[in-house]
Amino acid sequence: MITSEVKANLVKTYGAKYGAGEKDTGCTAVQVAILTERINGLKEHFGANKHDYHSNRGLLKMIGRRRSLLKYMRSNSEETYKSLIKDLGLRK
């Protein structure tokens, strides 16, 4: 789970760079950044709780949502897509 300060920082950073402004929370890049942060936060949880299958389903749903957002972003702007996955450290 991410704190509101971390989320606000992500919105400010990626909203200004890829969206309409520093408060653009609906921008695809901001949504992908927030999902990536949540997914990375769950790695620590699964290290301690290997048999938490219910949370694993939520993780898979988040990964699927991020994948569909990235697919949408790639169809609209290939160069923005490449820049974002490089910034976030995603492999593709």
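Our subject is the structure that appears above.
Starting afresh in each chain, residues are numbered from 1 along the sequence in its written order. Reporting of local features is limited, given that this is a predicted model, to residues whose pLDDT is at least 70; pairs of side-chain atoms are given and counted only at 80 or more, and all residues count toward the totals for whole chains, interfaces and linings. Side-chain figures throughout are based on the complete set of non-hydrogen atoms in the structure, without hydrogens or water.

J.: What's the story with the overall build of the protein in this structure? I'm lost.
T.: Scanning the protein for helices and strands turns up four helices and zero strands. Think of it this way: any DSSP run of H or I at least four residues long counts as a helix, any run of E at least two long counts as a strand, and we number them from the N terminus. When the helices and strands of the protein are read in sequence order from the N terminus, they spell out α-α-α-α. Exposure is judged per residue with a 1.4 Å probe applied to protein chains only, and the accessible area is read against the type maximum: over 50% gives exposed, under 20% gives buried, and values in between give partly exposed. Scored against the burial criterion, the 92 residues of the protein give a buried share of 33%. Residues are treated as being in contact if the distance between any of their heavy atoms lies within 4.5 Å. Long-range contacts, defined as pairs at least 24 residues apart, comprise 49% of the intrachain contacts of the protein with a sequence gap of at least 6. By the counting scheme adopted, Arg and Lys are positive, Glu and Asp are negative, and His together with the chain ends is not counted. For the purpose of locating charges, the reference atoms are NZ of Lys, CZ of Arg, CG of Asp and CD of Glu. Side-chain charges in the protein split into 18 positive and 9 negative, and the spacing between the mean points of these groups amounts to 8 Å.

J.: Looking at this model, I keep getting lost on the packing of aromatic side chains. Mind explaining?
T.: Whether two aromatic rings pair depends on their centres lying within 6.5 Å, for rings of Phe, Tyr and Trp, where Trp uses its six-membered ring; planes under 30 degrees apart make the pair stacked, over 60 edge-to-face, and the rest tilted. Taken as a whole and assessed by the stated rule, the structure comprises one aromatic pair. An angle of 10° between the planes, with centres 6.1 Å apart, marks the rings of Y14 and Y18 as stacked. Remark: Y18 and Y14 occur in helix α1 (residues 4–18); sequence separation between them is four residues, near one turn of the helix. You'll find Y14 and Y18 in the same group, each marked buried.

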